[in-house]
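Spelled out from the first residue to the last, the chains are:
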Amino acid sequence: MALSEGRQAFWGFLMRRLGNKADAEDVLQEFCIRVLTRKEQLRDVERVDSWLYAILRSTMNDHFRKAARRGRLTEAYGGEPEELAHDAPEQMAQFCRCVNGLIPTLRDADADLIRRIDLGEEDRATVATDMGLTRNALGVRLHRARMALRDALTGHCGKCCKTGWDDCYCPPIGCESPEDELHCAPRDVAK
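My aim in this report is to walk through the structure given alongside it, one point at a time. All figures in this text were calculated on a predicted structure; none of them were measured in a lab.

The rules behind these values
- Residues numbered from 1 in each chain as written.
- Predicted model: local features only at pLDDT ≥ 70, side-chain atom pairs only at ≥ 80, totals over all residues.
- Heavy atoms only, no water.
- Salt bridge = Lys/Arg side-chain N within 4 Å of Asp/Glu carboxyl O.
- Helix = DSSP H or I, 4+ residues; strand = E, 2+ residues; numbered from the N terminus.
- Buried < 20%, exposed > 50% of the residue type's maximum accessible area, 1.4 Å probe, protein only.
- Polar contact = N/O pair within 3.5 Å; in protein donor to acceptor, adjacent residues only side chain to side chain.
- Contact = heavy atoms within 4.5 Å.
- Phe/Tyr/Trp six-rings, centres within 6.5 Å; stacked < 30°, edge-to-face > 60°.
- Core = buried A, V, L, I, M, F, W, Y, C linked by side-chain atoms within 4.5 Å.

With that out of the way, let us pick up the pattern of salt bridges. Side chains that carry opposite charge are capable of pairing whenever their charged atoms lie near each other. Under the counting rule described, the total for this entry stands at nine salt bridges. We note a salt bridge from Glu30 to Arg34, for which the minimum N-O separation is 3.4 Å. One end of the pair is Glu30 and the other is Arg34, both in helix H3 (residues 21-37) and four residues apart, which spans about a single turn. Judged by its relative accessible area of 33%, Glu30 is partly exposed. Where Asp62 meets Arg65, a salt bridge forms, and the shortest distance between an N and an O atom there is 2.3 Å. Here the residue Asp62 and the residue Arg65 both occupy positions in helix H4 (residues 48-78), the gap between them amounting to three residues, near one helical turn. Owing to a relative accessible area of 46%, Arg65 belongs among the partly exposed residues under this scheme. Members of the salt-bridge network, linked through shared partners, are Glu30, Arg34, Asp62 and Arg65.

And the structure:
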């Protein structure tokens, strides 16, 4: 009862200290949740107002600490050297480039599914209709096609694709399987 009766007073307390309506609303909501989850901790009903304001101050302080952490993170990110920020995409993990060379080695139906759904991002319902399949049957076939591609990648690239295809470290030209004629390098790289 004291929580709902004092809502305006709590709101005013927060607005004076935070100066921002959105922040005050967020803190007030967090405060209400804390009060409701800790109601068993109230020892003296006569001192309910003191207890509520103690929780309100604690909630507000937590808000300030979170804001300070966000500020430090933003500052740290802003202080990152410019040259690192520009080539960050190149430093990120690289999807295995062998995929494009291995897709044609799959069964035609599997290669078509991978090209249309995974690479072309076509709608599954449209692909299922085009192929005369139910969505469930399409899902099963797509799963099998992806498994075939996974097997082809791990057979071709070896250990770099066993942990995932998003961080390929195959040598620029050729892979760990020298008998395979496919290359990990993009097509525009001279052979």
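After presenting the structure, the write-up continues.
Attention now moves to the side chain of Arg116. Tracing the sequence through the fold places Arg116 in helix H8 (residues 108-119). For Arg116, a relative accessible area of 15% corresponds to the buried category. Within polar-contact distance, the side chain of Arg116 engages the side chain of Asp130 at 2.6 Å. Here Arg116 is in contact with Glu121, Glu122, Val127, Asp130 and Met131, once residues within four sequence places are set aside.

A full pass over the atoms with the stated rule returns three aromatic pairs. Where Phe13 meets Tyr53, the ring centres are 5.5 Å apart and the plane angle is 75 degrees; that geometry is what we call edge-to-face. Within this pair, whereas Phe13 is found in helix H2 (residues 7-18), its partner Tyr53 is found in helix H4, the two being separated by 40 residues in sequence. Among the aromatic residues, those joined into a ring-pair cluster are Phe10, Phe13, Phe31 and Tyr53.

Core analysis: the biggest nonpolar cluster contains 16 residues, and Phe10, Leu14, Phe31 and Val35 have the highest contact counts within it. When residues of this core are traced back to their parent elements, those giving at least two are H2, H3 and H4. The contact partners of Phe31, leaving out residues within four places of it in the chain, are Leu3, Phe10, Leu52, Ile55, Leu56 and Thr59. Counting residues in each nonpolar core, the second largest holds 11 residues, with Val99, Ile103, Leu106 and Cys157 among its members.

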